[in-house]
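Letter by letter, the chains look like this.
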Amino acid sequence: MKKFLGGLAVISMASLALAGCASNPGTEATGGDDLITVGFAQTGSESGWRSANTESMKAAFSEENGFNLVFNAADNKPEAQIAAVRSFINQGVDAIVIAPIVVDGWDDVLNEAKDAGIPVILEDRTVSASEDLYASWIGLDFEQEGRTAGEWVVENFGDEGANLVILEGTTGSSAALDRATGFADAIAGSNITILDSQTGNFTRADGKTVMEGFLQKYGSDIDLLFAHNDDMGLGALDAIKAAGLEPGVDIKIVTIDAVRDGMQALANGEFNFIVECNPILGEKVAEVVKAVLAGESVEKSIIVPDGAFTQEDAIELLPTRPY
Ligand code: GYE
């Protein structure tokens with residue numbers, strides 16, 4: 001909780017600083033010429049986290065704040081996302097922001113942006129390409145999120161042992177890769193048995209379908225579910241109930257994100273633990289874009305801190321949860 005509040009403080013100070021700029025925009029507010037044109041290549045709209053992230057980005061990259069935002073959502077298709085970035089380069093935008101769907105495949109287009117003199121800033125997920133090809137990354141410690149989830153599992157079920165199934169996020173995304181690494185680290189050497197682990201693409205629909213498959217195969221042998229995000233966990237709730245089992249009781253559930261619907265499920269006792277992943281990155285990203293364009297030096301990686309929540313936390317926080 002301490003960590004969580006600290007994170008909020010960092011963000012709100014950044015927002016205040018930006019609000020300060022926006023309240024005195026001079027002639028930039030309406031004059032198209034003075035606006036900074038930013039192309040933003042979003043992954044798609046797979047989850048509640050993603051909606052909150054998109055909203056945060058659109059609010060921060062407003063005309064009022066001095067930006068002309070060109071928004072693209074790639075429906076979680078890596079080729080479509082690369083095509084969007086290429087089109088931003090052709091349009092001659094001032095800066096490009098990418099929430100990369102997958103880690104690999106970025107070298108060519110990032111080199112093209114570099115050759116065109118257009119700075120690239122990453123938000124949310126990372127890439128495997130060289131750090132020289134982007135100015136900064138603003139995101140979360142996904143490996144730590146996975147580790148926190150795994151530590152909770154070991155703490156609560158390590159002694160008696162438990163059978164676990166995993167719903168993974170988008171294959172090849174840094175969020176899924178790093179969460180899997182951190183989780184595996186934390187449960188290594190414990191009594192936890194992984195029955196199965198498959199991708200549910202970070203969506204409710206696929207979370208439900210994959211959980212149905214797990215339940216058909218392993219039935220009530222499943223003690224625990226770790227879902228890489230709330231949405232897949234929420235989809236799995238339907239499958240668990242349809243199988244005549246009680247989520248949160250017959251099958252304990254730990255997820256990542258802590259969006260409102262996830263926190264509601266936690267408050268209801270259908271989820272048992274949620275590791276936070278903060279989607280409100282817009283103000284910070286906008287601040288970094290402005291700094292980069294002003295020629296200031298910026299940190300190569302900027303990590304926004306996350307917390308973790310129990311049922312009691314969820315009940316307390318839900319009324320004021322902003323997303
Ligand atoms: O956890 C999931 C979203 O990359 C952190 O992507 C993000 C993840 C988030 O679809 O809900």
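In case you missed it, the structure is sitting above this.
Residues numbered from 1 in each chain as written. Predicted model: local features only at pLDDT ≥ 70, side-chain atom pairs only at ≥ 80, totals over all residues. Heavy atoms only, no water.

Participant: Would you take a moment to explain the packing of helix H3 (residues 78-91) against helix H4 (residues 107-115) for this structure?
Facilitator: Describing two packed helices takes the angle between their axes plus the distance from one axis to the other. As a packed pair, H3 and H4 sit with axes 10 Å apart at the nearest point and diverge in direction by 10 degrees. Classified by the interaxial angle, the pair formed by H3 and H4 is roughly parallel. Residues Ile82, Val85, Arg86 and Ile89 of H3 touch H4, and the partners they reach there are Asp108, Val109, Glu112 and Ala113. Taken together, the residues that form the contact of H3 with H4 break down as five nonpolar, no polar and three charged. (Axes fitted to C-alpha atoms, helices over the stretch in contact; angles between N-to-C directions. Helix = DSSP H or I, 4+ residues; strand = E, 2+ residues; numbered from the N terminus. Parallel < 35°, antiparallel > 145°, perpendicular 65-115°, else oblique. Contact = heavy atoms within 4.5 Å. Nonpolar A, V, L, I, M, F, W, Y, C, P; charged D, E, K, R; others polar.)

Participant: Is there a simple way to think about the site of the ligand in this case?
Facilitator: By nearness alone, 13 residues border the ligand, and Glu46, Asp124, Arg125, Asn229 and Asp257 come closest of all. In the environment of the ligand, an oxygen atom lies 2.5 Å from a nitrogen or oxygen atom belonging to the side chain of Glu46. Here the ligand, which alone exposes 300 Å², has 100% of that area covered by the protein. With respect to the detected pockets, the ligand is housed in the largest cavity. (Near = heavy atom within 4 Å. Polar contact = N/O pair within 3.5 Å; in protein donor to acceptor, adjacent residues only side chain to side chain. Areas by Shrake-Rupley, 256 points an atom, 1.4 Å probe, with all protein chains shown as cover. 1 Å grid on protein atoms, 1.4 Å probe; cavity = no way out; pocket = protein on both sides within 12 Å on 5 of 7 lines; lining within 4 Å. Sits in = over half its atoms within 2 Å of the grid points.)

Participant: Mind showing me how you'd approach a negative patch on the surface here?
Facilitator: Together, Asp159, Glu160, Asp221 and Asp223 give the surface a local cluster of negative charge. Relative to the helices and strands, Glu160 is located in the loop between helix H5 (142-157) and strand S6 (162-168). Owing to a relative accessible area of 60%, Glu160 belongs among the exposed residues under this scheme. (Patch = residues over 30% accessible without salt bridge, like charges linked within 9 Å, V, L, I, M, F, W, Y side chains within 5 Å. Salt bridge = Lys/Arg side-chain N within 4 Å of Asp/Glu carboxyl O. Lys, Arg positive; Asp, Glu negative; His and termini not counted. Charge placed at Lys NZ, Arg CZ, Asp CG, Glu CD. Buried < 20%, exposed > 50% of the residue type's maximum accessible area, 1.4 Å probe, protein only.)

Participant: When you look at the nonpolar core in this model, what are you seeing that I'm missing?
Facilitator: Phe61, Val97, Met211, Ile251, Met263, Val285 and Val289 are the most contacted members of the largest nonpolar core, which totals 76 residues. The residue makeup of this core includes at least three contributed by each of domain 1 (3-139 + 279-304) and domain 2 (142-276). Excluding anything up to four places from it in sequence, Val97 contacts Val38, Gly39, Phe40, Ala41, Met57, Phe61, Ile121, Glu123, Val285 and Val289. (Core = buried A, V, L, I, M, F, W, Y, C linked by side-chain atoms within 4.5 Å. Domains from an automatic or database assignment.)

Participant: Explain the packing of aromatic side chains here, please?
Facilitator: Any aromatic ring pair is given by two values, namely how distant the centres are and how the planes are angled relative to each other. Counted under the stated rule, the structure contains five aromatic pairs. Ring centres 5.2 Å apart and planes at 5 degrees place the aromatic pair Trp152 and Phe273 in the stacked group. With Trp152 in helix H5 and Phe273 in strand S10 (residues 273-276), the pair connects residues that are 121 residues apart, well separated along the chain. Overall, Phe273 belongs to the buried group, its relative accessible area being 10%. Members of the aromatic cluster, joined through ring pairs, are Trp152, Phe157 and Phe273. The ring of Phe71 has Lys58 sitting right over it, with the charged end atom 4.2 Å from the ring centre. Across from the ring centre of Tyr134, 5.4 Å away, lies the NZ or CZ of Lys300, which sits over that ring. (Phe/Tyr/Trp six-rings, centres within 6.5 Å; stacked < 30°, edge-to-face > 60°. Lys NZ or Arg CZ within 6 Å of the ring centre and 35° of its normal.)

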